[in-house]
Every structure is written in structure tokens, then in C-alpha cells.
Amino acid sequence: MVPTPVEAAPIAGQLVPMAASGGQQQGVGRISLAVLIDYIVQRTYHELTVLSELLPRKTDMERKIEIVQFVSRTRQLFIRLLALVKWANSAAKVYKCSDIMMFLDQQALLFTDTADMLAQISREKLVNARLPNFSLPLAVDVLTTGTFPRLPACIRDRIVPPDPISESEKRSTLRQLGNIIQYRLVTSSLPIQMRNLQIENGRVTFHVNHEFEVSLTLMGDNATVPWRLLDIDILVQNKETGEGKALVHPLQVQYIHQLLQSRLIENRHPLHDLYNCLHSFCQSLQLEVLNFQLDKLVKERLGMCLRVMEYLPGRCLTIGYWRKDVKNYTTSDYTLSVQVDPTDSNKPLLVVHKPPINGSKSTEQAIKSEHLSIEKLLIHTIHERAKCKLQEIEASLEKQTAGNCVISGTPAVLFIPVMSPCITSEQLHISIDFLTGRVLCSMPFCDPALQVVKEVEVLLNGDKGDMEKLFSELRFQLMMNRIDRTVQHLFVECKTKLPIPDIDASPLAKLSKYKMYINLTRYSQFYVVVELNQSETDSKVIAPTYYVMTVKSISFDDAATDLPTPNLKVTSLVQFDTFAITHGPFTRAAEPSHDETPNLHKRQFSGGSDFPAKKLRTESWYYIPELAHSVAMCEQKIPFWMLSEELNRRNILHQGIEVECFGTGLVLKLLALPSSLLERGTKSLQKKLLSCAFRENDGKPARPWVVEFIFARAPLATLSSREQSARQHVYFQYDFIENKRIGDIVESFLDSWKQMANLYDSVLDFADYFDDSRDGLQNIVRLHSFNYKRLLLIYGADFSNQVSIEWSVPEKQFKLLFSMSTHGSPIANCHCITDTQLQHEFNQHRSIPQLLQVLHETYLPLMAVAKLPTNPLLAGSSNLARAVQSFLILPQSSTHLKIAFRGIYCLDVYCCSAGLVAVRDGAYSLFDKSKAMEGFTPTPGLKTFFNMYVDDSSVRHRSMTEDDNPPSPMESVDSFLAQQQPSVGSPAQRADGLRFHHPMTPPSNPLTPASPHTSVLHQQSYSASPGSGFPLSSPPAVTPSPSLQMRTPSPGTLLTSSPSAAFHVPSPGQGYAAPISHIHSPAFMQPTTDTSASPGRKSRSQQHPGAESGSPYPSNLPMQSPGPRWPASPSMPGPSPASRLIPMSPGHPMLQSPGDPGRNGMVGPGSRVLPQRSWAAAVPTLLSHQAFNVLLTPTVMQDYPAMLSCSPLERFLGCVFLRRQIQRFVQSEETLVALPTTEPGVVLMRVESMTCRVALQPSTQQILQLSLTPLPDFHEQWSAEELQVLETVFERKVVCPPYKPNAVHAFCRLLAVPVRVLKDCVQLLHLELRPDRSHKWALQWCWTIPPSAPHIAPAGTAAFIATKNKILFFLHLSRIGMGLPPGVEPQTVVIPIIYETQTNQTQLADPRGIPMPPIAANSIISTMLKRFAEFNSNMVECSIYPAIQDLLNNLVIQNVMSQNVPTVPGNLVQGIPMSTAM
């Protein structure tokens, strides 16, 4: 193959031109450079090899000469190769030029040759050239007729073939030939097997089924003309192993064709000879096919079962099956022979059996199927042979059968009914093994490994033994299987043996050998024993007898033998009366019908005529209805029997086991409960009880006990539609686990009775007050449901809250569950805050009216408290590693809450009656107002802030001088105790005969605290404290123990230290305060002079000594708070603040705060300015519910719409918290100088150029304001607008929710920078307040490091750091003026800026040493700042503002950058809201 030229510079493997003449074709004389190098290397290697062999024989001089010549020659060769390789770099251009020149030369040569040839033709050949005459006749013929008729005869005869005969001539010829063939067939002798013929198209075709097909014809109409054989087709096929191939080779067919053709000539009966030859060949071929199939069957599958006894090709094939000795095959009693009919060879193959099969003619017929298969022949033969053998077995077992035997199926199976009655699945199936001829026995209904069936099979294959005994054993086994199938769906366990050591001495010894034990799994000591015996009238019928047996477990010592398994001992064995069980009331007995079919029976009802007659379901005989009914009866009655025994043991009267109406089940009804349970609460409930019954729930697998209580109408009318009937049903369900003690069920029943009794006792007291319209309870609560197990009450605004009261049996106390009455409510029940305290107090007094009064009076305050945010904040303190909760609610009692703000400040909230709430500073001790509790800090200005929300409803005759008089350290406690006085005419007053309550003496001056009475220490409701050993007569000298627990006052008591008694409202035990107009207090809480009371009230007053007529509460009802035991109480080193508080109940006495009785507004400065005393906030301030709700409801201030929504209390505490942080920063920062001031609540400091004053806004006390005053030396440098910018930023951006101390720290650092730097920062802050729309970016100052900023410092740290030479701050830029569609966030970027004070350069901060992802925005901003510094290197003024202004005007960042920025630290381009980042 000639190589083609390349276009590029040749390298290794390319072609280089060889020396060739210019006339060579393109590519001729070229060789590959790699091949050339290979040739040169091989040549050099060959020469070296030759030299190494020849040089040793030469002299030294000759060797040197040869070596020098070799080196010189080789060097010249490689120099040429080097030159060729260097030239090959530019060979591509040479190739192109060479190809162009060669192509042009070829074109020029073609032009020259063409001109020469034309000249030669014109000069030599065309000189004598002449044209012949035109043949016009031929042209006319061709153009007109399209033919050429004038062809010469010599050409036409030799070349043109003669015309073929026409189709009509063909049909005529073939028709005549068919007539000739038909005539020849009529006149000659034709074999009978070849009568299936067809004459068509001049030939006759003979078809012999499954053998051959042959076609003949005649070559003339003469009678002596022999038959001509045209075609032979052998029809014998091997469809099983032939794989679709022809059995006869074409050469064999050709030979047969020639042979038959030779025999057709000069033969008197040619067709007979033709048939004999082909028939003999086909039979031999069929035998060969069968022999081949048999050999393959023996080799692959059935070599151990079949054997070819004899094979004579073309004559017979004998097969032996059902061999006697499989391992040593000698002879076989059963053979099958396929052979040619010895009497007439023209017949098909014949099948002969030995021994003959009687009564089966189909096996003697010839093989006529087109599917030639020895396997099918064997299967058919063995099937007929097996049927004969089964008929013999049927005749031998005729006496043992219980009915007619049937032989059916393929393979054949003999069905023998063993017992009467007997279904198909219980019949004995006998079949014959096709391979070995052995008898096989099986019974589908029984276990396949049943020994009796195997023994029957052994006897049938050998000598006949005692078959009657085996069939009798088989009948008993079938009956046992029937028993097992009958109870398999019941909760029982069938056993044939039990571990009873001395069974001969037990009652079981009298029973027969065949018996079964049915154990009731739920009651392991009970068994149903089934005894089996043969019927006396018919031995083929098995009659069962039923017993119930009880056992008990015995130890090994009691047993006769030591067995490793637990032993049982029979305690009783009682026989069932089957007829009485199955024919009792409401029982449908099963009786055999008198139909013709003996295997079916019907169930007939015999319990009465109330049920309509209907067709019942037909049951199978393997199902024993008497057994199933007996087991079910035992399983149903045994638990009731055990229950009745347990009730008798506990002296609980009952009516015994009864059958329910219509036979739906069993029931056990109680007559009376034991006298030990008939206490005060249960006696009232017993009178309401109409019925109590035990039932079993059969609908569930566990079958639990269901106890039904039927009560008369409940004492309360509820809203539930299920509780409107005259009778109320109450159900309890007890799970009955297997073998569980019935005593536990009775204990659970008694606990349920106690549960209802405890709840009913409280409900009964509550019912009289609720039904009395004078009490007004119906205005504040609705009864949703009362089902004797639970009382569900609805209360609150729009009655959207609910409380569930129920008795907890395990805890032996009432459980209160608070929730919302509407499903899916977005808010939770506000009383979930104090649910633990409410539950504890309710278990102390068990008074539902008192609980409702507490819920009513605390609903609005707790709704307001629930609005406070309690989520933890990471930026709530200077320590970023610790999350601080904004508000932490610590309930002390049902009416007393502690609210902690960021773990520093604390408020005490007391819910009082008459719609009032008392609030005080919880950081002060209750016993000494000059001391603060450990862990909390007093809140300065709190009293002034609370007084702004005091309205007319909470101001009553307050003394103007109360706050000016220093109180006693025990004033709070004394005031609390002083207000414990009962109302006029109370039992306490009548009992003591004193005007004042015994715990204290009347004070000589209202402003002087009273001394505690010594008898207080001896009251039962007071518990000893660690400090109880100290005398309390001198409180200032000894501080009482914080753990002192005092008697909790009742709801509605309001204490005051003022002379006025306007707010002295009695407790529920002493009378109730009058309701306020906007709060619907119950009327029964109001004081009344009516001495008459309802009988119910009178009786209950007698039950509670000391209670007044008309009040359900005793005056000495103890209501102690859990105190420090509650999990919500704060836990910190030292005495807990919660432990210092006296537990409060609803309406705990509170001290009134000063107020202005003539002021109508709620918000605004008071007309009477209170002196700022450190202990002023320790005195409680009374607020109305409306004012308290306004105080705690999140709102947005009118003048500050951009601030987050929060409550006024949070804003005040947040400002106080930040003011405290500013004081700490002033002390820690060297650049901030603290100035002395006499103004309370004011922080005064000085920086380089101005004086700063930080104080709360006087009008609202919710904004921390900054007032800046330039120093005299810097008065001209600061304008009023610049100072206003700083003050506005401080109010709106720094000291705003969520009140981050690090943001204030950053602002303080900013104030301390040099003046020239601060003025540039003020200009940037001015841009933040008033953005310039001409800029591309809007600026926002970051006071704390946002999460999206580069990781220079942790997120949340103060974002302004100033050192001696550098200043670091962060800016947040947002793209503006883009016209983005709604929902698309603009581009944002957070940039850290470093300003060097010495060089006056503003650059992007580079967090060196920290791995940062590559961000394009960093390089863009850094490049712009560096370029600005280069062009403004000689700037005199500060470069911060100009550099940032240049960024705002010219910075461009592609959108792709902002979309592909990773979210790891260092991400500058983000869309994070700065409200959360700064």
C-alpha cells in the first residue's frame, strides 16, 4: 500500500521523502521517519554484532582500523539522520509545494497529449474516412413499431430462442397428463394404505400419515411407460430430542430415490413394491427414534428405574420398569414391548405388555400419534398398571372401609373413608409410585409424619397383617385432629400428655387410653378433658365425652418422682352434660339433619320461638360444635366465677352470674359496696348509684373487664349532649392479662370508685354555689362536661380556656389539666404557667369555687405575662458564649410570680382581687428593704415607671408621706400579717374576743410596723425554719430565715399599710370583695349580711368547722406554697430569691403605692414626683388589669416606627440594663472619663471633645437618650446638626431592641476617637439616616459584627475597635435604584474597614492567618480603596468619608458573585437582614 503524504511537520511515525524522480506519482518513494530510524538502528546493531564476532580473529591493528571505519561510517549516517530530522520540521511546506508542482505537471501533460492525439487523427485517420449509406427502412421500423424485424435469418436461428408455449397450452397439457395418470391408477393395483392421494399439475401425490409422502408422474400415455418418481418426503419426526432437524440425510433420500426408481421399471406391481419399501424404512426409523429417546431418558433421569431389555433394529424394542432390586438389576416382572406386527408387516407398530393389563384396550393399540414419545407411552402404561393394582388393594380392604371407595385422578389415587362420617380430607389416600411401583399412603388432614399411616403403608407393600387394629388407631388419631382443628381459633392449647406424676391414683386413671387435654391459656389451672371411645353400635364411629378438670402445681417434694419439669396434681374432674350445655337458653344446638347426604348437618335453634326460622350455615364434620361450645362456655364463665369468689372474700354483695338479655353475654351485678368504703364522700355517691355491673368485652382479643356504673342525674347541668339524660352511664375498663390475679382487677375497681367519690365530693360542694344565682358563678364559668371521672370547666374571655379536674389514682391527688377549648388555637392556656402551683393548692383546699376565683382573678394578669418573650438571646449579654433569656417567669404560687429580666433584674407580681395587680421590685428582701437578694440587682427608677400606669381604680387615699418615712425592715411581713384580719363578725374574731387578729397587736401609728405576735409561732400552719431559734421580738437585730413559710392567705385579701381600709377585702373564707364594673366577679364573693343559707351550705358548714354561713371555705384553711421545691424556682449560689418570698394565694395582701387620685390618664408623668429612694420600688404598686396588660403588651412606639415591637416593660428594663452597661464601659475604657453627678439615673461622662449625658426619657421612661455638649475648646468644631446625628443614632440604632450591650460598647468607643475621625464617622451616620439617592449603594453602620462579615472576630462582638494607630469598623452596603421585582432581595455586602491614623489611609481589613474563600467582591473593594489612596495620598482631611463615598458612587459587583458566594465565614456578599446581624 502506498503511503499518503502528511500535512504537518513529520515527527516519529511520519513520512519523509526519499530520492525520487520528478515524474513519480504523489507519495511514491517515501518512507516513514520512524521506520527509517528503526532501519538505521538495526543496521548499526547488526554491524556491531558482526564486529564483535570478527574482530577477535584479527590482529590489533586490523581491529583498530575496522573500529575506526565503523565509527566513521556510523557517524556519517547519524549526521545525515540528524540533518534529516531537523529538515523534517519544515518538510510540510516542501510537501505542499511538491504536490502543487506535480499536479500542475500532470495537467500540462494531459493538455499536451490531447493536442497530439487530435493532430494525429486529423492528419492520418480522417483522410480516407467515409460514411456508409443510412438504413432508412430499419430506422422507420424502430421508430414506428419499436421492433427490429429485418434481422438476418442466420442470426435469428442461432441466437434467438424459440417462443415458449402459452399458459392455455400448459394447462391443456397438464390436464391431459392428469387424465393419463388417473387412467393408469384405475387400471393398476393400489395398496390400501396409499388410498390417500391427490392428482394435481401432472403428478400424483401419495400421503401415508406419520410415515412418508411420495410424488409420481408419467412421461407418456403408453401403458408400458414406467412411473417416474419425482419426490420423496419422510414424515417421521422426533419432536422431543430432534431439535427440529431432519431424521434422514439428503444423500440417504437420494439413494432411496434411485433405488425406488429402479424398482419401478419392469415391475408388475410397482406401487405395492414402493409402499413396502417405504413402510419398512419408516417403521425402522420409528423404532430408532424410540430407542434414542429411551437411551437419553435412561442416561439423564430414569437410569435407576428403567432398562432396555432388548432392541432388534427394525423389529422390536423391549423396556423393563418397576424393578424389584434397584441396586442390582436382574429381572423385572413388568415389561413393555414396541414391535412390528408379526402377522402383518403392513400394519403400524404394536405395543405388547407383560403381564397383560386386564380391562385396558387403549394400551394395546398401535402408536398412531404424530408426537412420537416413549415417555408418554411409559406414563400411560404405568397409569393403567397402577389403576389395576389399586383395584386389588380396594378389594382387600373392603371390610375396614366405612363407605364407598373411589379411584380417580392422574396419577390414580384410591380414596378410602376410614370413619363414619368422613369428609374428603380425612380419607386415606393410597397411590402407586410411578418409578418404583410401591404403594404410598397419605392423609391430608393428619400430620404427614403420623406413624399409623406409615404402618399401613408398610403392610400394603408387604404381607397383610393386623389391618383392623391399625385402622382403629387411625380413627382415634383422626378424632384427635378434629378436636385440635375445632379449638385452633380459640385461646386454648391442646395437649396429649400432662406432667402428672401419679396419674394412676388420680381420677384420670378411670378414663380411656385416648384423651386430650385442652388448657385455657388465660386460666392455666383449668383444663377441658376429651375422652374418646368407640361406639357400641358401630366400631367405625368415635364417641367423645367431655370433662372439666382443675389442677394445681406441686413441688418436687410432693411428687412421687423427681422430674425436671413442673408437676401438676388433679384437684377435681367433673363430667359435662353435653345435652344440657348445647340445649340451654339462648343456645343453638347442632344436630345432624335427615338429608340424603350423610356428610352434612344443620344447626337448629332450640332455645325458644322468639327467633325467626332461617337457613343456618352448613358445618364440616371435622368441626365439633359441642366441643367448641363447651370450651367457649368454660372460657366465658371461669373469669366470672373467679371474680365472684374474690368479691365474696372482700364481703362485696352481688347477684351471681347471670345471662344478659337475648344471650349477648354474662354479667355480674353488685348489690352494695363494702361498708369500709362508705365514707362521707362515697355515701353521697352511693345514693346516686343505680346499678353496677361487671362484663367482659368479647370484641377485643385481650377481653378486658368493663365495669358499668349507672347514676341518677348528675348534680350539675352541663353543656354536653351525652349528659342530658336522666341516667348517666360511666364505664371503666381493666385489662385482664393472662393468669393475672383477679384481686388486682377488684383493687382497680375500688380505686375507680374512690376516684369518682373524691371528685364527686368536690363537685357536690360546688353544685350549690353554681346553682345559686346570687353567687354569680355562672357568669365566669361554664360546665362543659362532668362524667364522674372528670370535670371539664370553660372559663376566660369568650370562654376559650378550659380546665380538666380529675383524681389520679397512682398519685392519690387531683390533677389539673389546662388547655384551650377550641382545637387548633394559636395561643396556649395562660394558666399553664402556674399549673403546678394551682394543682398543689387545689389538693390542699379541694374547693372548686376557690379555684375558679383564682382562675378568674389571675386570668387577665397571666394573659399579659404570657405575652412576654422568653426566647434565649446570644447577644443579650457581653458574654457571647452564654445565651440569656429576655424574661424568665418563675411562679411562686398561683397568684405570685417572679419575672426575671436577663438574669439581673427581678419583679414580683401579685394578683389581687378587685381587678388589681401588685408589682414590686423582686430584688429587695421582704424582710429588710435596705438589702437586696443575692443573684438580682434592684431596678432603679422602677417605682416611677410603675406610677405612670397607675389609674383611678388603683388609687385610694394614699398618704403623701409614706415614701418619706423609712420603713422597718419587717414592714412587709408585718403588713402582710396585719391584713390577715378577718372581716367583721368572722369566727376568728368571735373566738378570740379581740378586735385584731391574734398574730399581731394593733399598731400605734399606721406608719409604724407592728410586732409579730408570739402566738404565731405556735400555729400549725407555720413550719420551723433554720432561724426559728432566734427571738422575733426584735426584727431589726435578727434577719428571719428565708425559708420561713407562713400561712398562705385566702383569695381576695388586699393588705395595705395606709390608714384607709378601702382595699381591705375579705378572703373567700371571710367574705368576698365587691366586683369591679369591668370584671364579672361572682356575686357569692360579695359580703352579705343574710344569715340564712341553703341546707346544703349549712350541712357543709358543719362539716368544716369555722366556716361562715354561705362560704365553702374555712377561715383557717392552710394554703402553703411549695416554695423552693418548685422546679421553676431559680437555682443559684446562696439563698434563692424565691425562698425569701412568702407564698401567696389569690388576692394576697399587698402594700399600696402612692398615686394621684385625680389623674385620669394611664401613661404620663405623675403630678406628684416621688422621692428617689433605693427602697421605693420594694413597696408594691397597685395596677389595674388593663394597665398591667398595657404594660406587658408588645407595641410599636409612635415616634420610633423602625424599632422592633416590644412591651413597655421590656423597653424600660432594656434601657435600664444598657444604662448599667454604659456605667461599666465608662469604668473599663481609658478614653472615657466619668463625671460626678447628683441626678439619679443619669450617667455623665467626658470624651476628648464633648460631655455626654445618658438618661431615660422623662415622659415615657422607655427610651435612653443621649445629650452631647461640646467642651469650650471644641465648641466651634461641632455643629448642632452633627451632635443631633449622634444623639439620633444612639436612640434609634444603638439602644433599641433587642438591647445589645456590645452595640453600646461600640458606640462608646466611637465617641472616644479623635475629632477629625469622629466627624467623618458622623457624616457616614448622616448618610445612614438620610440616604443619598444619587449613590448606587445605601450605607448602614454595623454596631456588632454580623454573621456574614469576614471572620475577624466572633459574630456579635462590638464592631468598633480603636487602637493607637488603627481603627476598625464595619459597614453594610445595600444596592439601591435597581428597580427589582417584588420578592427579589437586592445585593448586599459587609465590608470591614481599617483606618490608619498616621498615614491617613482607609483600606479593606485583611484577616491574615485565617483561611478565607476567594471572593471577587473583596478584590474589587480592596482595589478601589487602594486606587483612592494612591490618587489622594496628600489629603489633609480624614480620608474615611471620601473613600467610603467613592465606594458608594462607583462600586459595581456582578449578580453572579452574589449568587455563588459560599456561606462560610468570610462571605461578604449576602442577603441577610441587618436587623438580626447588627
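Keep in mind it's a predicted model, so treat the numbers as computed, not measured.

Novice: Where do I start with the overall build of the protein chain in this structure?
Specialist: Looking only at helices and strands, the protein chain features 30 helices and 46 strands. For the protein chain, with 1478 residues in total, the buried portion stands at 46%. A separation of at least 24 residues holds for 58% of the contacts in the protein chain among residues at least 6 apart in sequence. Accessible area for the protein chain stands at about 75800 Å²; split by element, carbon and sulfur atoms hold 54% of it.

Novice: Teacher, can you tell me more about the sheet that holds strand 13 (residues 428-432) here?
Specialist: Picture the strands of a sheet paired through backbone hydrogen bonds; they go either parallel or antiparallel. Sheet architecture is open: four strands sit in the order 11-12-13-14, paired in antiparallel fashion. Edge positions in the open sheet fall to strand 11 (406-408) and strand 14 (439-442), since each of these has one partner strand only. Here the average twist between neighbouring strands, direction ignored, is 25°. In the sheet, strand 12 (residues 413-416) pairs with strand 13 via four bridges, with the strands oriented antiparallel. In the sheet register, Ile416 faces strand 13, and the bridge partner there is Leu428. Each of strand 13 and strand 14 touches helix 10 (residues 451-461); the most contacted strand, strand 14, lies at about 160° to it.

Novice: What's the story with the environment of Gln724 in this structure? I'm lost.
Specialist: By the secondary structure assignment, Gln724 is in the loop between strand 25 (705-712) and strand 26 (727-734). Note on Gln724: relative accessible area 39%, which makes it partly exposed. C-alpha of Gln724 to C-alpha of Arg713: the two residues are eleven residues apart in sequence and 8.2 Å apart in space. Setting aside residues no more than four positions away along its own chain, Gln724 makes contact with Arg713, Thr718 and Leu719. Here the side chain of Gln724 touches Thr718 through a polar contact of 2.7 Å, landing on its backbone oxygen.

Novice: Would you explain the pattern of salt bridges in this entry?
Specialist: Side-chain pairs of opposite charge can arise where the charged atoms are in close proximity. Enumeration according to the criterion identifies 20 salt bridges in this entry. Note that Lys64 and Asp60 form a salt bridge whose closest N and O atoms lie 3.3 Å from each other. You can see Lys64 and its partner Asp60 sitting in helix 2 (residues 60-88), four residues apart, about one turn around the helix. Classification of Lys64 as partly exposed rests on a relative accessible area of 45%. With relative accessibility at 41%, the residue Asp60 sits in the partly exposed group. In this structure, Arg1309 and Glu1229 form a salt bridge, with 3.5 Å as the shortest nitrogen-oxygen distance. In this pair, Arg1309 sits in helix 25 (residues 1301-1311) while Glu1229 sits in the loop between helix 23 (1208-1228) and strand 38 (1233-1234), placing the two residues 80 residues apart along the sequence. Looking at Arg1309, the relative accessible area reads 23%, which means it is partly exposed. When salt bridges that share partners are traced, they join Glu646, Arg649, Arg650 and Glu747 into one network.

Novice: In this structure, what is going on with the sheet that holds strand 35 (residues 905-911)? I would like to understand it.
Specialist: Pairing in this open sheet of five strands is antiparallel, and the strands run 33-34-35-36-37 from one edge to the other. Each edge of the open sheet is held by one strand with a lone partner, namely strand 33 (887-891) and strand 37 (1181-1184). Averaged over all adjacent pairs, the angle separating strand axes in this sheet is 25°, with direction ignored.

Novice: Hey, could you run me through the environment of Ser425 in this one?
Specialist: Structurally, Ser425 is set in the loop between strand 12 and strand 13. On the basis of relative accessibility, which here comes to 28%, the residue Ser425 falls in the partly exposed class. C-alpha of Ser425 to C-alpha of Pro444: the two residues are 19 residues apart in sequence and 5.7 Å apart in space.

Novice: Would you mind showing me how to read the confidence of the model for the protein chain here?
Specialist: Low pLDDT marks regions whose predicted coordinates should not be analysed in detail. In this model, the protein chain carries an average pLDDT of 76, and 74% of its residues clear a pLDDT of 70 or more. Below a pLDDT of 50 lies the segment residues 589-618, which in the model reaches 49 contacts outside its immediate sequence neighbourhood of four places, other chains included.

Novice: Even after reading the chapter, I still don't get the packing of helix 10 against helix 11 (residues 467-486), so can you show me in this structure?
Specialist: Two measures define how a pair of helices packs: the angle their axes make with one another and the distance between the axes. Helix 11 packs onto helix 10 with a crossing angle of 155° between their chain directions and a minimal axis gap of 9 Å. If you check the angle between helix 10 and helix 11, you find them roughly antiparallel. Crossing geometry of helix 10 relative to helix 11 is assigned as left-handed. Residues Val452, Val453, Glu455, Val456, Leu459 and Leu460 of helix 10 form the contact with helix 11, whose own contacting residues are Met467, Leu470, Phe471, Glu473, Leu474 and Gln477. Here the residues of the contact of helix 10 with helix 11 are counted per class, giving nine nonpolar, one polar and two charged.

Novice: Hey, could you run me through helix 3 (residues 91-125) in this one?
Specialist: The periodicity of an α-helix, 3.6 residues per turn, causes residues three or four places apart in sequence to face the same way. Its 35 residues give helix 3 an end-to-end C-alpha distance of 49 Å, which sits within 8% of 51 Å, the value for a rise of 1.5 Å per residue. Listing the buried residues of helix 3 in full gives Ala91, Ala92, Tyr95, Asp99 and Met102.

Novice: Before we go on, may I ask you to explain the pairing of strand 41 (residues 1264-1270) in this structure?
Specialist: Only one face of strand 41 is buried: it carries Leu1264, Leu1266, Leu1268 and Pro1270, and the other face, with Gln1265, Ser1267 and Thr1269, is open. Strand direction decides the pairing type here: strand 40 (residues 1250-1256) and strand 41, joined by seven bridges, are antiparallel. Bridged to Arg1253 within strand 41 is Ser1267.

Novice: Help me understand the nonpolar core in this model?
Specialist: Where a protein is soluble and globular, its nonpolar side chains tend to be buried together. Leu428, Ile430, Phe709 and Ile805 are the most contacted members of the largest nonpolar core, which totals 272 residues. Of all the elements, helix 15 (residues 742-771) adds the most residues to this core, at 15 residues. The residues touching Ile805, leaving out its near neighbours within four places in the chain, are Leu759, Lys789, Arg790, Leu791, Leu793, Phe814, Lys815, Leu816, Phe842, Ile848 and Leu851. If you look at the next biggest cluster of nonpolar residues, it comprises twelve residues, including Val529, Tyr547, Met549 and Val551.

Novice: Hey, could you run me through the packing of aromatic side chains in this one?
Specialist: How two aromatic rings sit relative to each other is given by the distance of their centres and the angle of their planes. For the structure shown, the criterion picks out 31 aromatic pairs. The cationic tip of Lys1319 hangs over the ring face of Trp1278; the distance from NZ or CZ to the ring centre is 4.9 Å.

Novice: How do you make sense of the pairing of strand 10 (residues 350-354) when you look at a structure like this?
Specialist: On any regular strand, side chains alternate: one points to one face of the sheet, the next to the other face. Burial along strand 10 is one-sided: the face carrying Val351 and His353 is buried and the face carrying Leu350, Val352 and Lys354 is not. When strand 9 (residues 334-339) meets strand 10, the two strands line up antiparallel, connected through five bridges. Within the sheet, the bridge partner assigned to Val338 lies in strand 10 and is Val351.

Novice: What exactly am I supposed to notice about the packing of helix 13 (residues 625-649) against helix 15 here?
Specialist: Following both chains from N to C, one finds helix 13 and helix 15 inclined at 65°, their axes separated by 9 Å at the closest point. The chirality of how helix 13 crosses helix 15 is right-handed. Counting all contacts with helix 13, which are made through Met642, Leu643, Glu646 and Leu647, the residues of helix 15 involved are Ile742, Gly743 and Val746. Split into classes, the residues belonging to the contact of helix 13 with helix 15 amount to five nonpolar, one polar and one charged.

Novice: Where do I start with the side chain of Ser1249 in this structure?
Specialist: Mapped onto the elements, Ser1249 comes out in the loop between strand 39 (1242-1246) and strand 40. We classify Ser1249 as buried; its relative accessible area is 2%. Not counting the four nearest positions on each side in its chain, Ser1249 is found in contact with Pro1270, Leu1271, Phe1274, Trp1278 and Val1315.

About the cut-offs
Residues numbered from 1 in each chain as written. Predicted model: local features only at pLDDT ≥ 70, side-chain atom pairs only at ≥ 80, totals over all residues. Heavy atoms only, no water. Helix = DSSP H or I, 4+ residues; strand = E, 2+ residues; numbered from the N terminus. Buried < 20%, exposed > 50% of the residue type's maximum accessible area, 1.4 Å probe, protein only. Contact = heavy atoms within 4.5 Å. Areas by Shrake-Rupley, 256 points an atom, 1.4 Å probe, with all protein chains shown as cover. Pairing = 2+ DSSP bridges. Axes fitted to C-alpha atoms, helices over the stretch in contact; angles between N-to-C directions. Polar contact = N/O pair within 3.5 Å; in protein donor to acceptor, adjacent residues only side chain to side chain. Salt bridge = Lys/Arg side-chain N within 4 Å of Asp/Glu carboxyl O. pLDDT = per-residue confidence, 0-100. Parallel < 35°, antiparallel > 145°, perpendicular 65-115°, else oblique. Left-handed = near helix turned anticlockwise from the far one by under 90°. Nonpolar A, V, L, I, M, F, W, Y, C, P; charged D, E, K, R; others polar. Expected span 1.5 Å × (residues − 1). Core = buried A, V, L, I, M, F, W, Y, C linked by side-chain atoms within 4.5 Å. Phe/Tyr/Trp six-rings, centres within 6.5 Å; stacked < 30°, edge-to-face > 60°. Lys NZ or Arg CZ within 6 Å of the ring centre and 35° of its normal.

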